[in-house]
Amino acid sequence: MQASPFLQVPARAAARLVVGVLLTSLASASLAVDASPAGRTVLTVAPSSDPAASYRDVDLKKLVAGSRTEVPGQRVIFAPSPIKFRATLAALPAPQKADYLLAALAMMKISNPPKVSQRIGLDYGGDRALAAYIDDAIADRLANEAKPGQVLTFYAFHVYNHSRGPALLVTSFAD
């Protein structure tokens, strides 16, 4: 097997190269966002009246396995895509810095990004729980309506990949 050319350069340079190539190729894409006349994109942060119509159903275990980057610390940003999945709530909302997530959304020209300052833990059947960003308003609702160990349907945007798996922004949930 031939080594990846990204492994022949420092990890930080490789990450910049990967992100630059992806952003260049996705600049005109509209996978999960709608283009506005001003060139900004609008991220819908709550499922529509028919969430099945706009959120792609995914197996979270497969998504995590397929979303890990090979280089530790490497992040691959792309146009956010709306997904839904079933998972067990492993941990209630807790404080989480979201600077990188918000920078990634800004880089993709997302207008009116949600307020994000918390994360939750999701048990998807892997070795350990996956940490996912959560919209602050949804975090409050989740803390009041759900308990760890409860299986729920989560609606989220897959914003970028990193060595631990996908960076997800949870925007809603249901039983």
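*Asks:* I keep staring at the environment of Leu89 and nothing clicks. Help me out?
*Replies:* For Leu89, the position within the fold is in strand β4 (residues 75-95). It is 5.6 Å that separates the C-alpha atoms of Leu89 and Gln150, two residues lying 61 residues apart in sequence. In this structure Leu89 touches Ile120, Gly121, Leu142, Ala146, Lys147, Pro148, Gly149, Gln150 and Phe154, once residues within four positions along its chain are discounted.

*Asks:* How do you make sense of the layout of surface pockets when you look at a structure like this?
*Replies:* The computed volume of the largest pocket comes to approximately 410 Å³. Considering the residues around the largest pocket, the lining is formed by 22 residues, among which Leu130, Ala131, Ala132, His162 and Arg164 are closest to the centre. Residue assignment for the lining of the largest pocket shows that the elements contributing at least two residues are α4 (99-107), β7 (130-135), β8 (151-162) and β9 (165-174). No other element matches β7, which puts four residues into the lining of the largest pocket.

*Asks:* Before we go on, may I ask you to explain the nonpolar core in this structure?
*Replies:* Side chains of nonpolar character tend, in soluble globular proteins, to be buried together. Counting 24 residues, the largest nonpolar core has Leu60, Phe85, Ile120, Leu122, Leu142, Phe154 and Leu168 as the members making the most contacts within it. Taken together, the elements giving at least two residues each to this core come down to α3 (60-67), β4, β6 (116-123), β7, α5 (136-145), β8 and β9. With four residues, the top contributor of residues to this core is β4. Counting 17 residues, the second largest nonpolar core, distinct from the first, contains Ile77, Val116, Tyr160 and Ala167.

*Asks:* What's the story with α5 in this structure? I'm lost.
*Replies:* Every α-helical turn comprises 3.6 residues, leaving residues that sit three or four positions apart pointing alike. Every buried residue of α5 is accounted for by Asp136, Ile138, Ala139 and Leu142. In a view along the axis of α5, the buried residues occupy a sector of 150°, so they form one face of it. The exposed set on the far side of α5, more than 90 degrees from its buried face, consists of Ala137, Asn144 and Glu145. In this structure, the buried side of α5 is in contact with β4, β6, β7, β8 and β9. Its side-chain oxygen 2.9 Å from the backbone nitrogen of Ala137, Asp135 forms the N-cap of α5.

*Asks:* It is not clear to me how the side chain of Asp136 should be interpreted in this structure. Could you clarify?
*Replies:* Here Asp136 shows up in helix α5. Lys115 is the oppositely charged side chain nearest to the buried, salt-bridge-free Asp136, at an N-O distance of 4.3 Å. Ignoring anything within four residues of it in the chain, the contact list for Asp136 reads Lys115, Val116, Ser117 and Gln118.

*Asks:* It is not clear to me how unusual backbone geometry should be interpreted in this structure. Could you clarify?
*Replies:* It is generally the case that most residues other than glycine have a negative phi and that most peptide bonds are trans. Here Lys109, not a glycine, exhibits a phi torsion of approximately 60°, which is positive. Looking at the element boundaries, Lys109 is found in the loop between α4 and β5 (110-111). Unlike most non-glycine residues, Asn112 shows phi in positive territory, near 50°. Checked against the element boundaries, Asn112 lands in the loop between β5 and β6.

*Asks:* I'm lost on the pattern of salt bridges in this one. Help?
*Replies:* When the charged atoms of two side chains lie near each other, side chains of opposite charge can form a pair. The final tally for this structure, using the stated rule, is one salt bridge. The partner of Arg141 in a salt bridge is Glu145, and the shortest N-O contact between them spans 3.3 Å. Separated by four residues within a single helix, Arg141 and Glu145 lie in helix α5, roughly one turn from each other. Its relative accessible area of 30% is what places Arg141 among the partly exposed residues.

Reading the values: the criteria
- Residues numbered from 1 in each chain as written.
- Predicted model: local features only at pLDDT ≥ 70, side-chain atom pairs only at ≥ 80, totals over all residues.
- Heavy atoms only, no water.
- Helix = DSSP H or I, 4+ residues; strand = E, 2+ residues; numbered from the N terminus.
- Contact = heavy atoms within 4.5 Å.
- 1 Å grid on protein atoms, 1.4 Å probe; cavity = no way out; pocket = protein on both sides within 12 Å on 5 of 7 lines; lining within 4 Å.
- Points joined across faces, edges and corners; volume = space filled by probe spheres on them.
- Core = buried A, V, L, I, M, F, W, Y, C linked by side-chain atoms within 4.5 Å.
- Buried < 20%, exposed > 50% of the residue type's maximum accessible area, 1.4 Å probe, protein only.
- Arc of directions from axis to C-beta.
- Polar contact = N/O pair within 3.5 Å; in protein donor to acceptor, adjacent residues only side chain to side chain.
- Lys, Arg positive; Asp, Glu negative; His and termini not counted.
- Salt bridge = Lys/Arg side-chain N within 4 Å of Asp/Glu carboxyl O.

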